[in-house]
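One letter stands for each residue in the lines below.
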Amino acid sequence: MNTLLSENLAGMSTIQLFNRQKKNMRAFDAVNASSLEILIRQIKINAFFMPLAELLSALAISMALYYGGLRVLGTTLPIGVLVATILYIQRFFEPLRDLSDKFSILQSAMASSERIFGLLDRKEEVLDPVSPVQLDGLKGALEFKGVWFSYEPQGPETRWVLKGLDFQIQPGERVAVVGPTGAGKTSLVSALYRFYPIQRGDILLDGLSTLSMRRRDFRRKMSLVPQDPFLFSGSVLENLRLSDASVSREKVEWACRQTQAHAFIAALPGAYDFELREGGANLSTGQKQLLAFARALVFEPAILVLDEATASVDTQTELEIQTALEALLRGRTSLTVAHRLSTVMRSDRILVIKDGELAEQGSHEALMALNGVYRGLIELQFKEVA
């Protein structure tokens, strides 16, 4: 019930836009009624155990008074023993009363513990090697070597997202990844960062398998700018350096100037000390995207991955970012995943992914001359724009 309530509050604008207030209210009423039914059942059980404990206690005391009273009147039992027996009986039933009173609490605790232990017992899918390779520096060479990947367990009916993906990126090369929706572009990034385990093949950095490295070691050498960046509650400065005190304020400002984020930050009350709400709710989508760019560049990565990074900014801001990236990406390996094909034309090489496979690769001019998948995507997109 709490989950449904939280979801509806978070999506209130969507609910109102599509006039779903009554439908969602009915859905909440159904869950609420189910919760009420369970609660009434708990109360009934509790109402049964508490009187039962009281009844047993009263019967025991009555029997003690009857039998003990006869013995006391017959002068065969001291009255002190009878009083002590009654006190012992009352003390005996006190824990039973408490147990019946706490029955509903125990039931809730058992339900909660079932979820907690289920989470604790869940095995981690991606594990670091026992003896990892030490990664001191990273030049930026990247290779996908026959990579097969699926979000499902491997089996005869596995739906493969990536199918035998094979390509190499040289240090300092700017490579773009394009393809239809559902082709596997974002899954490629997930496999690269080892968010999920790959079923077959290998991914190499500077000729070394990422499977032989600790995830934290090679992730520190790369930066990712996602399509939907997440910002934490706190100041802009702490969000950009991720609470790493070794990153100076000057370096943060430098990264912001390069990504065209400094102008709007300076206009905020308190500038870099401006307090953000959870998720950056008090910023526009484009502003959050610019901060994600700056955050990625603060740590000066050897490999910069952009996953639909300019999809949420306007055309003017995108042009400013592209101008800044021309200088920033010089000498740095970059992998750009994009739907907006105008952003990838300046790349050194373009990889065209279709149905999880590498369909074509080459420069913009070479791919246009092939008259294949890439040319079809370009013509379709610019036809839609026209």
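Caption draft 1: Molecular detail of the sheet that holds strand β11 (residues 349-354). One open sheet holds the 6 strands; their spatial order is β6-β9-β10-β3-β11-β12, and the pairing between them is mixed. With one partner strand each, in any of the chains shown, β6 (222-225) and β12 (357-362) form the two edges of the open sheet. In this sheet, adjacent strand axes meet at a mean angle of 15° when their direction is disregarded. As paired elements, β11 and β12 share 5 bridges and run antiparallel to each other. Along β12, the bridge assignment pairs isoleucine 353 with leucine 358. Contacting β6 and β9 (303-307), helix α11 (residues 285-298) crosses the sheet at an angle of about 180° to β6.

Caption draft 2: Spotlight on the sheet that holds strand β1 (residues 142-149). Read from one edge to the other, the open sheet built from 4 strands follows the order β2-β1-β4-β5, with strand pairing classed as antiparallel. Pairing within the sheet leaves two strands with one partner each, and these edge strands are β2 (162-169) and β5 (208-209). Of the pairings in the sheet, the one linking strand β4 (residues 200-205) to β5 comprises 2 bridges and is antiparallel in character. From the neighbouring strand, leucine 204 faces β5, where its bridge partner is serine 209. Each of β1, β2 and β4 is contacted by helix α6 (residues 185-192), which is oriented at about 70° to β2, the strand it contacts most.

Caption draft 3: Region of the structure containing the side chain of aspartate 202. Within the secondary structure, aspartate 202 sits in strand β4. Within the buried set, aspartate 202 has no salt-bridge partner at all; the shortest N-O distance to an opposite charge, 6.9 Å, is to lysine 145. Among the polar contacts made by the side chain of aspartate 202, one reaches the side chain of serine 209 at a distance of 2.7 Å. Discounting residues that sit within four places of it in the chain, aspartate 202 has contacts with Glu143, Phe144, Lys145, Val147, Ser209, Thr210 and Leu211.

Caption draft 4: Representation of a nonpolar patch on the surface. A cluster of nonpolar side chains, Ile45, Phe48, Phe49, Leu52, Leu55, Leu56 and Leu59, forms an exposed patch at the surface whose accessible area comes to about 600 Å². Within the fold, phenylalanine 49 resides in helix α3 (residues 21-73).

Caption draft 5: Structural detail: the side chain of arginine 332. By the secondary structure assignment, arginine 332 is in the loop between α12 (315-328) and β10 (333-337). Buried charge without a partner: arginine 332 forms no salt bridge, and the closest opposite charge is glutamate 300, 4.6 Å away. Within the structure, the side chain of arginine 332 is placed 2.5 Å from the backbone oxygen of proline 301, a separation counted as a polar contact. When sequence neighbours within four positions are dropped, the list of residues in contact with arginine 332 reads Gly172, Glu173, Leu297, Glu300, Pro301, Ala302 and Leu304.

Caption draft 6: Molecular detail of the nonpolar core. Formed by 32 residues in total, the largest nonpolar core has its most connected members in Phe144, Leu165, Leu192, Ile203 and Leu335. Among the elements of the structure, β1, β2, β3 (174-178), α6, β4, β9, β10 and β11 are those that each provide at least two residues to this core. If you look at the next biggest cluster of nonpolar residues, it comprises 29 residues, including Leu237, Leu240, Val247 and Ala294.

Caption draft 7: Main features of the pairing of β9. With 5 of 5 residues buried, β9 lies mostly within the body of the structure. Side chains of β9 alternate between two faces, with Ile303, Val305 and Asp307 and Leu304 and Leu306 buried alike. Here β6 pairs with β9 via 4 bridges, running parallel. The partner of methionine 222 across the bridge, within β9, is isoleucine 303.

Caption draft 8: View of α6. Summarising burial for α6: 7 of the 8 residues are buried, a large majority. Taken together, the buried positions of α6 are occupied by Lys185, Ser187, Leu188, Val189, Ser190, Ala191 and Leu192. Downstream of α6 by one or two residues, arginine 194 has phi in the positive range, about 60°.

About the cut-offs
- Residues numbered from 1 in each chain as written.
- Predicted model: local features only at pLDDT ≥ 70, side-chain atom pairs only at ≥ 80, totals over all residues.
- Heavy atoms only, no water.
- Pairing = 2+ DSSP bridges.
- Helix = DSSP H or I, 4+ residues; strand = E, 2+ residues; numbered from the N terminus.
- Axes fitted to C-alpha atoms, helices over the stretch in contact; angles between N-to-C directions.
- Contact = heavy atoms within 4.5 Å.
- Buried < 20%, exposed > 50% of the residue type's maximum accessible area, 1.4 Å probe, protein only.
- Lys, Arg positive; Asp, Glu negative; His and termini not counted.
- Salt bridge = Lys/Arg side-chain N within 4 Å of Asp/Glu carboxyl O.
- Polar contact = N/O pair within 3.5 Å; in protein donor to acceptor, adjacent residues only side chain to side chain.
- Patch = residues over 30% accessible without salt bridge, like charges linked within 9 Å, V, L, I, M, F, W, Y side chains within 5 Å.
- Areas by Shrake-Rupley, 256 points an atom, 1.4 Å probe, with all protein chains shown as cover.
- Core = buried A, V, L, I, M, F, W, Y, C linked by side-chain atoms within 4.5 Å.

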